Amino acid sequence: MKNPIVLFCCLLPFFLFGQNRSPYYHNVGEQVYVLASNGLNMRKEPVTGAEIVTKLPYGSALKILKNTAKMLELEDFGGYVISDMWYEVSYGEKRGYVFGGYISRFPSYFAGSDYPSLNDYLSKNFTVGSGKEWLSHEASEPEDCYYTKYYKEGILQTINSCFDQIYESRYVFEYANLQEVTSLITSILNQSDVPFSTKYSDDGSLQAIVITQDYCMYTIQVLGVAGVVVVVECG
């Protein structure tokens, strides 16, 4: 049985080549979205005790006005310490400051009548890249088959599947950080009625956040400065 990760690793340099985005922080003028499922406070000053201007609902689109360089650390996601800066943002006619740990350049997800899933999110929000839509492998044995999909917005998806049954999926989010992708995954899973658990682990050389929901496990890991890889295993 061939390993789909061989194709995944071969494509990664090609996928990342030529990208020039800041690896961790949002740029002035960039549009970002609120991923906090319960909403996010916009404050008058970049400190936690400052007056609240408004509570921004999940999915709100914001414009980055300024990177304050004032950092804040919060513990979330089963023990992971989120470290990010305060941003000055605009929301309609309102201006204020928000913590960067719960905003993302990736659009918020609204499942509607569909079953909430990362694949559904990608198909609704992103555009398949020209020339790299599908890279398929003909199986030499029934259990050996996979395909890879590239999205123009900076996401690489590799799925190991047979007869439409997905066994393992891997996603690379270019120049994202651990908290950004974890916030995205949890916001997707929160739209399901099925509960999930989150656990953070750090063995000194590798940081990972593991989310378990029903029969699926999501392992989210940093991929150097390249971004974040998400491994989804179901079965």
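Preceding block: the structure.
Note that the coordinates shown come from a computational prediction; the quantities given were computed from them, not determined experimentally. (Residues numbered from 1 in each chain as written. Predicted model: local features only at pLDDT ≥ 70, side-chain atom pairs only at ≥ 80, totals over all residues. Heavy atoms only, no water.)

*Asks:* Please clarify how the overall build of the chain should be interpreted in this entry.
*Replies:* Scanning the chain for helices and strands turns up 3 helices and 15 strands. When burial is assessed residue by residue, the chain has 50% of its 235 residues classed as buried. Long-range contacts, defined as pairs at least 24 residues apart, comprise 54% of the intrachain contacts of the chain with a sequence gap of at least 6. Summing over all exposed atoms, the chain offers an accessible surface of approximately 11600 Å²; the carbon and sulfur share of this is 51%. (Helix = DSSP H or I, 4+ residues; strand = E, 2+ residues; numbered from the N terminus. Buried < 20%, exposed > 50% of the residue type's maximum accessible area, 1.4 Å probe, protein only. Contact = heavy atoms within 4.5 Å. Areas by Shrake-Rupley, 256 points an atom, 1.4 Å probe, with all protein chains shown as cover.)

*Asks:* Explain the packing of aromatic side chains to me, please; I cannot follow it from the model alone.
*Replies:* Describing an aromatic ring pair means giving the distance of the ring centres and the angle of the ring planes. Within this structure, the stated rule accounts for 9 aromatic pairs. Geometrically, the ring pair formed by F106 and F173 is edge-to-face, given 5.3 Å between the ring centres and 75° between the ring planes. Remark: F173 occurs in strand β11 (residues 165-174) and F106 occurs in the loop between β7 (103-104) and α2 (118-125); sequence separation between them is 67 residues. Comparing F106 with F173, the two get one shared label, buried. An angle of 75° between the planes, with centres 5.8 Å apart, marks the rings of Y109 and Y121 as edge-to-face. Of this pair, Y109 sits in the loop between β7 and α2 while Y121 sits in helix α2, and the two are 12 residues apart along the sequence. We note that Y109, like Y121, is buried. An aromatic cluster is built from F106, Y109, Y121, F126, Y151 and F173, whose rings are joined through pairwise contacts. (Phe/Tyr/Trp six-rings, centres within 6.5 Å; stacked < 30°, edge-to-face > 60°.)

*Asks:* Explain the nonpolar core here, please?
*Replies:* For soluble globular proteins, the rule of thumb is that nonpolar side chains tend to be buried together. One finds Y121 and F173 to be the most contacted residues of the largest nonpolar core, which totals 50 residues. Counting 5 residues, the second-largest nonpolar core is a separate cluster that includes L156, V172, V229 and V231. (Core = buried A, V, L, I, M, F, W, Y, C linked by side-chain atoms within 4.5 Å.)

*Asks:* Honestly, the pairing of strand β13 (residues 207-213) in this entry has me stumped. Any pointers?
*Replies:* Looking along a regular strand, one sees the side chains alternate between the two faces of the sheet. In terms of strand pairing, strand β12 (residues 197-202) meets β13 through 6 bridges, oriented antiparallel. Looking at the pairing, Y200 lines up with I209 of β13. Counting the residues between successive antiparallel strands, the hairpin from β12 to β13 contains 4 residues, one of them, G204, with a positive phi of roughly 100°. Where β13 folds back on strand β14 (residues 216-222), the antiparallel hairpin that results is connected by 2 residues, among which D214 adopts a positive phi of roughly 55°. (Pairing = 2+ DSSP bridges.)

*Asks:* Just to check I follow, could you spell out the state of the cysteines for this structure?
*Replies:* Disulfide: a covalent bond formed between the sulfur atoms of two cysteine residues. The final tally for this structure, using the stated rule, is 1 disulfide. The disulfide partner of C216 is C234, and the S-S distance across this bridge is 2.0 Å. Negative torsions about the S-S bond denote left-handed disulfides, and the value of about 110° found for C216 with C234 makes this one right-handed. Residue C216 is found in strand β14, and its partner C234 is found in strand β15 (residues 227-234); the two are separated by 18 residues along the sequence. By relative accessible area, which is 11% here, C216 ends up buried. Its relative accessible area of 23% is what places C234 among the partly exposed residues. (Disulfide = S-S within 2.5 Å.)

*Asks:* Mind showing me how you'd approach the environment of I209 here?
*Replies:* Looking at where I209 falls in the secondary structure, it is placed in strand β13. Accessibility expressed as a relative area gives 0% for I209, which makes it buried. The sequence separation of I209 and Q221 amounts to 12 residues, and the corresponding C-alpha distance is 6.8 Å. With residues up to four places along the chain from it excluded, the contact list for I209 reads F77, Y80, L178, T182, T198, K199, Y200, Y218, T219 and I220.

*Asks:* Is there a simple way to explain the layout of surface pockets in this structure?
*Replies:* Remark: the empty space left among the atoms is shown by a probe the size of a water molecule rolled over them. As a volume, the largest pocket reaches approximately 400 Å³. Of the residues belonging to the lining of the largest pocket, the class tally is 10 nonpolar, 9 polar and 2 charged. Taken as a whole, the second largest pocket holds about 320 Å³ of empty space. Contributing to the lining of the second largest pocket are 18 residues, with S117, C216, Y218, V232 and C234 lying nearest its centre. Those elements that place two or more of their residues in the lining of the second largest pocket are α2, β11, β14 and β15. Its residues assigned to classes, the lining of the second largest pocket comprises 12 nonpolar, 4 polar and 2 charged. (1 Å grid on protein atoms, 1.4 Å probe; cavity = no way out; pocket = protein on both sides within 12 Å on 5 of 7 lines; lining within 4 Å. Points joined across faces, edges and corners; volume = space filled by probe spheres on them. Nonpolar A, V, L, I, M, F, W, Y, C, P; charged D, E, K, R; others polar.)

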